[in-house]
Amino acid sequence: RVVRPLAIEVRTTEPDGATRLLRLDRAAARLALHEIDHLAGTLYVDRVTGDMAMVSLEEYGGAEAAWEY
(Lines give C-alpha, C1' and ligand atoms only; values in the text may rest on other atoms or scores of the structure.)
Protein backbone atom coordinates (compact mmCIF):
# COMPACT_ATOMS: atom_id res chain seq x y z
CA ARG A 1 0.00 0.00 0.00
CA VAL A 2 3.00 2.28 -0.06
CA VAL A 3 2.43 4.96 -2.68
CA ARG A 4 5.20 5.00 -5.27
CA PRO A 5 5.57 6.61 -8.71
CA LEU A 6 4.89 4.49 -11.81
CA ALA A 7 8.17 5.56 -13.46
CA ILE A 8 11.53 6.70 -12.14
CA GLU A 9 14.99 7.54 -13.41
CA VAL A 10 17.96 6.17 -11.47
CA ARG A 11 21.53 7.33 -12.00
CA THR A 12 24.00 4.50 -11.51
CA THR A 13 27.77 4.33 -11.44
CA GLU A 14 29.52 1.53 -13.29
CA PRO A 15 32.65 -0.17 -11.88
CA ASP A 16 34.79 1.89 -14.30
CA GLY A 17 33.31 5.13 -12.92
CA ALA A 18 31.00 5.85 -15.86
CA THR A 19 27.50 6.95 -14.97
CA ARG A 20 24.31 5.66 -16.54
CA LEU A 21 20.72 6.85 -16.35
CA LEU A 22 18.13 4.08 -16.17
CA ARG A 23 14.42 4.62 -16.73
CA LEU A 24 12.33 2.07 -14.84
CA ASP A 25 8.57 1.64 -15.13
CA ARG A 26 5.84 0.02 -13.06
CA ALA A 27 7.04 -3.12 -11.24
CA ALA A 28 10.74 -2.45 -11.93
CA ALA A 29 10.38 1.11 -10.57
CA ARG A 30 8.55 -0.15 -7.50
CA LEU A 31 11.16 -2.83 -6.85
CA ALA A 32 14.07 -0.41 -7.30
CA LEU A 33 12.52 2.10 -4.87
CA HIS A 34 11.91 -0.70 -2.37
CA GLU A 35 15.56 -1.74 -2.54
CA ILE A 36 16.78 1.87 -2.40
CA ASP A 37 14.71 2.24 0.78
CA HIS A 38 16.63 -0.72 2.26
CA LEU A 39 19.97 0.90 1.37
CA ALA A 40 18.83 4.08 3.12
CA GLY A 41 17.63 2.15 6.19
CA THR A 42 13.95 2.90 5.49
CA LEU A 43 11.44 0.20 6.41
CA TYR A 44 7.82 -0.42 5.41
CA VAL A 45 6.61 0.93 8.75
CA ASP A 46 8.45 4.18 8.00
CA ARG A 47 6.38 4.58 4.81
CA VAL A 48 2.96 3.95 6.38
CA THR A 49 1.48 7.39 7.01
CA GLY A 50 -1.66 8.97 8.39
CA ASP A 51 -4.70 6.74 8.18
CA MET A 52 -2.99 4.02 6.10
CA ALA A 53 -3.57 0.61 7.61
CA MET A 54 -0.75 -1.90 7.88
CA VAL A 55 -1.23 -4.95 5.66
CA SER A 56 -2.40 -7.89 7.76
CA LEU A 57 -0.64 -11.24 7.56
CA GLU A 58 -3.76 -12.78 6.01
CA GLU A 59 -3.92 -10.11 3.31
CA TYR A 60 -0.17 -10.34 2.71
CA GLY A 61 -0.63 -14.05 2.06
CA GLY A 62 -2.02 -13.06 -1.37
CA ALA A 63 1.39 -11.76 -2.42
CA GLU A 64 1.62 -14.30 -5.24
CA ALA A 65 -1.10 -12.37 -7.10
CA ALA A 66 -0.05 -9.81 -9.70
CA TRP A 67 0.39 -6.26 -8.40
CA GLU A 68 -2.44 -3.90 -9.34
CA TYR A 69 -1.52 -0.37 -10.41
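Higher on the page you've got the structure.
Residues numbered from 1 in each chain as written. Predicted model: local features only at pLDDT ≥ 70, side-chain atom pairs only at ≥ 80, totals over all residues. Heavy atoms only, no water.

Colleague: Explain the overall build of the protein to me, using residue names and the numbers behind them.
Modeller: Of regular secondary structure, the protein possesses three helices and two strands. Its helices and strands in sequence order give the protein the pattern β-β-α-α-α, from N to C terminus. In the protein, of all internal contacts separated by at least 6 residues, the share reaching a separation of at least 24 is 41%. Element-wise, carbon and sulfur atoms account for 57% of the exposed surface of the protein, whose accessible area totals about 5700 Å². (Helix = DSSP H or I, 4+ residues; strand = E, 2+ residues; numbered from the N terminus. Contact = heavy atoms within 4.5 Å. Areas by Shrake-Rupley, 256 points an atom, 1.4 Å probe, with all protein chains shown as cover.)

Colleague: Tell me about the pattern of salt bridges, residues and numbers included.
Modeller: Under the criterion given, the structure shown has four salt bridges. Salt-bridge contacts for R4 lead to D37; the nearest nitrogen and oxygen are separated by 2.9 Å. With R4 in the segment before strand 1 (7–13) and D37 in helix 1 (residues 26–39), this pair connects stretches of sequence that are 33 residues apart. The class of D37 is buried, set by a relative accessible area of 8%. Note that R47 and D37 form a salt bridge whose closest N and O atoms lie 2.6 Å from each other. One end of the pair, R47, is in helix 2 (residues 44–47); the other, D37, is in helix 1, with 10 residues separating them in the sequence. Accessibility expressed as a relative area gives 36% for R47, which makes it partly exposed. Here the salt bridges do not stand alone but share partners, grouping R4, D37 and R47 into one network. (Salt bridge = Lys/Arg side-chain N within 4 Å of Asp/Glu carboxyl O. Buried < 20%, exposed > 50% of the residue type's maximum accessible area, 1.4 Å probe, protein only.)

Colleague: Which residues make up the pairing of strand 1, and what values do they have?
Modeller: Of the pairings in the sheet, the one linking strand 1 to strand 2 (residues 19–25) comprises seven bridges and is antiparallel in character. Considered in strand 2, the bridge of E9 is made with R23. Between strand 1 and strand 2, which pair antiparallel and follow one another directly, the connecting turn spans five residues, one of which, G17, has a positive phi of 95°. (Pairing = 2+ DSSP bridges.)

Keep in mind that these numbers describe shape and distance, not what the molecule does.
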